[in-house]
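# Chain and residue survey
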Amino acid sequence: MADQYAHSGDDKRPTEIPAIRWEEPPEGPVLVLLDQTRLPAEEVELVCTDAPALVEAIRSLAVRGAPLLGIAGAYGVALAAVRGFDVDEAAAALAGARPTAVNLAVGVRRAQSAHEAALAKGGDGRQAAAAALAAARQLHREDAEASGRMAEHGLALLDELLPGGGHRVLTHCNTGSLVSGGEGTAFAVALAAHRTGRLRRLWVDETRPLLQGARLTAYEAARSGMAYTLLTDNAAGSLFAAGEVDAVLIGADRITADGSVANKVGSYPLAVLARYHHVPFIVVAPVTTVDLDTADGASIEVEQRPGHEVTEVTAPQVPVVGMEAGGGIPVAPLGTQAYNPAFDVTPAELVTAIVTEEGVVSPVTAEALAEVCARSHTVTAG
């Protein structure tokens with residue numbers, strides 16, 4: 001079950017508004033999410049009391065972003081365990097909620113493994129639930145720490161590639177504190193550049209069809225006092241042609257063993273534009289996003305989302321959890337079919353560098369990716 005309640009939060013920075021948190025009120029533990037479908041119009045929290053509610057929140061994109069999905073998945077397993085539900089059933093449902101985002105399955109497995117290990121050692125249900133919760137909290141802490149290290153490595157890379165500062169950075173989708181236990185992935189790098197006086201302009205793709213750039217990245221940039229400009233996705237080419245982009249910074253939902261990058265649809269065209277215009281194309285993601293068990297981009301299952309997200313426009317203040325098609329404003333004739341992949345895949349040869357908390361991979365090769373994963377104690381075998 002899920003309940004919603006609103007709070008203003010007008011005087012807070014995005015890094016002070018947790019995208020996810022565990023609470024233990026008298027009526028029982030809950031997982032509290034900042035409902036990202038309601039931003040920027042209002043800051044509303046979604047309270048999940050069981051795994052099915054969290055699954056729905058994940059599918060509706062109330063909670064989203066690769067690192068945060070991993071954290072949510074781990075907490076979801078812990079929630080099922082603490083409340084006495086079937087942990088394996090909850091884990092299976094959670095892991096399948098967003099098939100492309102590898103972090104979700106990684107987080108689920110981590111908490112599930114901790115639960116199983118506690119039972120195998122002779123612990124009771126309460127002790128096993130505590131172990132699952134401890135694993136989720138540890139993953140949450142590790143992601144926050146990884147965010148800070150990615151920002152450091154990414155800023156150093158920008159300074160190396162673009163000496164002198166004054167960076168004009170183009171980003172796609174949303175990669176800030178709304179998708180992380182810390183300050184994000186690609187956005188965290190841009191934020192670090194801003195704080196050190198090196199960011200001249202953040203170009204924000206609106207990111208259709210759900211406008212995560214316009215609704216979420218612009219929201220975070222504004223609250224952080226960054227110099228930013230919003231543009232339609234199809235205006236990016238003219239921006240490159242005008243010489244106004246120094247680097248592209250994006251996140252990732254899955255990076256395969258050969259370095260192919262699955263990210264929000266629209267990322268691949270940016271990589272092609274960047275290559276043609278000799279602009280660095282940089283991917284920022286934790287090692288938990290690297291899936292060494294998936295050989296290449298062709299092996300990635302790309303999620304196809306509902307067509308009504310393209311054929312209708314829904315105002316952000318309208319609740320979308322459980323909303324059926326027809327709840328928005330039609331922008332296409334009735335019965336129009338829509339092609340709506342959630343992601344596209346960028347081949348490794350178009351990626352200048354992959355920035356992780358363990359360091360920078362450049363050039364991007366299978367060997368270099370495997371090495372950076374081996375350095376991390378957080379990577380989980382598939």
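Here is a short report on the structure shown in this document. (Residues numbered from 1 in each chain as written. Predicted model: local features only at pLDDT ≥ 70, side-chain atom pairs only at ≥ 80, totals over all residues. Heavy atoms only, no water.)

## Concerning the overall build of the chain
In plain terms, the rule: Helix and strand assignments come from DSSP, with helices taken as H or I runs of at least 4 residues and strands as E runs of at least 2, each series counted from the N terminus. The quantity called the radius of gyration is restricted to C-alpha atoms. Its globule counterpart is 2.2 Å times the number of residues to the power 0.38. Throughout, a contact is declared for two residues whenever any of their heavy atoms are within 4.5 Å.
When helices and strands are counted, the chain shows 11 helices and 17 strands. Computed over the C-alpha atoms, the radius of gyration of the chain is 20 Å, within 12% of the 21 Å expected from 2.2 N^0.38 for a compact globule of 382 residues. C-alpha extents for the chain along the principal axes are approximately 60 × 50 × 40 Å. Across the chain, every contact between residues at least 6 apart in sequence was considered, and the portion connecting residues at least 24 apart equals 76%.

## Topic: unusual backbone geometry
Cis peptide bonds are those with omega within 30 degrees of zero, and the linkage from leucine 39 to proline 40 qualifies with 5°. Here proline 40 shows up in the loop between strand 3 (30-34) and strand 4 (44-48). Of note, the amide linkage connecting arginine 208 to proline 209 takes the cis form, showing an omega dihedral of 5°. Note that proline 209 resides in the loop between strand 6 (199-205) and helix 7 (212-223). Non-glycine residue leucine 61 carries a positive phi angle of around 70°. Mapped onto the elements of the fold, leucine 61 is located in the loop between helix 1 (51-59) and helix 2 (66-82). Its identity is not glycine, yet histidine 278 carries a phi of approximately 60°, on the positive side.

## Things to note about the pairing of strand 3
When a strand is regular, its side chains alternate between the sheet's two faces. So the rule is basically this: Burial classes follow relative accessibility: with a 1.4 Å probe on protein chains only, a residue under 20% of its type's maximum area counts as buried, one over 50% as exposed, and anything between as partly exposed. What makes two strands pair is DSSP finding at least two bridges between them.
Counting buried positions along strand 3 yields 5 of 5 residues, so the element is predominantly enclosed. Neither face of strand 3 is left uncovered, since the one carrying Val30, Val32 and Leu34 and the one carrying Leu31 and Leu33 both have all their residues buried. Hairpin connection from strand 2 (residues 20-23) to strand 3: 6 residues lie between these consecutive antiparallel strands, with glycine 28 at a positive phi of about 130°. By the bridge criterion, 4 bridges tie strand 3 to strand 4 in an arrangement that is antiparallel. Bridged to leucine 33 within strand 4 is leucine 46.

## Here we look at the pattern of salt bridges
Heads up, the rule is: Take a side-chain nitrogen of Lys or Arg and a carboxyl oxygen of Asp or Glu: if they are within 4 Å of each other, that pair is a salt bridge.
The tally for this structure, following the rule as stated, stands at 16 salt bridges. One salt bridge in this structure joins arginine 38 and glutamate 42, with 2.6 Å as the shortest N-O distance. Taking the relative accessible area as the measure of exposure, arginine 38 reaches 9% and is therefore buried. Residue glutamate 42 is classed as partly exposed on the basis of its relative accessible area, which comes to 27%. Among the salt bridges present, the one from arginine 254 reaches aspartate 291, with a minimum N-O distance of 2.5 Å. Highlighted residues: arginine 254 in strand 9 (residues 254-256) and aspartate 291 in strand 12 (residues 290-291), separated in sequence by 37 residues. A relative accessible area of 12% places arginine 254 in the buried class.

Worth remembering: the numbers are spatial, not functional.
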